[in-house]
Amino acid sequence: GIQVEQSPPDLILQEGANSTLRCNFSDSVNNLQWFHQNPWGQLINLFYIPSGTKQNGRLSATTVATERYSLLYISSSQTTDSGVYFCASMEYGNKLVFGAGTILRVKS
Amino acid sequence: DAGVTQSPTHLIKTRGQQVTLRCSPKSGHDTVSWYQQALGQGPQFIFQYYEEEERQRGNFPDRFSGHQFPNYSSELNVNALLLGDSALYLCASSSTGELFFGEGSRLTVL
């Protein structure tokens, strides 16, 4: 099956800094999603981005399907951005395969 | 528009007991998937239901079973609970493509 790798595993930022999270996947995919998991465990949808670039406020994402990677950009980080960020790609039959996540800590 | 709802939010069981978790999908969604997330790990796919049938299954033993009802809601049942079943259980719904998750049910097995 598909393998999904995320980097870095941990990231500490000062408030206001920018960051880039990376997601590599082992095979071609037709669905790539980014999530933010809040402290209570809920996965919040950030982007559904099989290819191309999307932006939502301070967050943007780019997926280059032919090169099998996706990037999540966070600009002007805030303490509320802290948490775990997951990317997940979809295998045959709508099964999402998750990476191990990036733990982001934003300090004030 | 209500999102994906799960119940209960927290529960504690002892080894050998059985548990049932419930999920109501987002309005308009007909496919429900269940995931298990152990502490410090990414969610792992358990199985998926569509049209009241299990359509796909991950690498989980038969102790894990499920059901989907005509209104698309779903249940996850786990029999003969083990300590290792302690985890956050997440339900996701979809129609085409993008999946949306509920807040999860946190199960502790003592």
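Up top is the structure.
Conventions used here
Residues numbered from 1 in each chain as written. Chains lettered and ligands numbered in written order. Predicted model: local features only at pLDDT ≥ 70, side-chain atom pairs only at ≥ 80, totals over all residues. Heavy atoms only, no water. Helix = DSSP H or I, 4+ residues; strand = E, 2+ residues; numbered from the N terminus. Rg over C-alpha atoms; globule rule 2.2 N^0.38 Å. Buried < 20%, exposed > 50% of the residue type's maximum accessible area, 1.4 Å probe, protein only. Areas by Shrake-Rupley, 256 points an atom, 1.4 Å probe, with all protein chains shown as cover. Lys, Arg positive; Asp, Glu negative; His and termini not counted. Charge placed at Lys NZ, Arg CZ, Asp CG, Glu CD. Polar contact = N/O pair within 3.5 Å; in protein donor to acceptor, adjacent residues only side chain to side chain. Contact = heavy atoms within 4.5 Å.

**What to know about the overall build of chain B**
The number of helices and strands found in chain B is zero helices and eleven strands. Ordering the α and β elements of chain B from the N terminus gives β-β-β-β-β-β-β-β-β-β-β. For chain B, the C-alpha radius of gyration of 13 Å lies close to 13 Å, the compact-globule estimate for 110 residues. When its C-alpha atoms are laid out on the principal axes, chain B stretches across 40 × 25 × 25 Å. Expressed as a percentage of the 110 residues in chain B, the buried residues total 48%. Here chain B displays about 5300 Å² of accessible surface, and carbon together with sulfur accounts for 47% of that area. One way to put it: in chain B the 8 positive side-chain charges average out to a point 11 Å from where the 11 negative ones average out.

**With respect to the side chain of B:Ser33**
Tracing the sequence through the fold places B:Ser33 in strand β4 (residues 31-37). A distance of 3.2 Å separates the side chain of B:Ser33 from the side chain of B:Gln48, its partner in a polar contact. Not counting residues within four places of it along the chain, the set of residues in contact with B:Ser33 comprises A:Asn94, B:Phe45, B:Phe47, B:Gln48, B:Leu90, B:Cys91 and B:Ala92.

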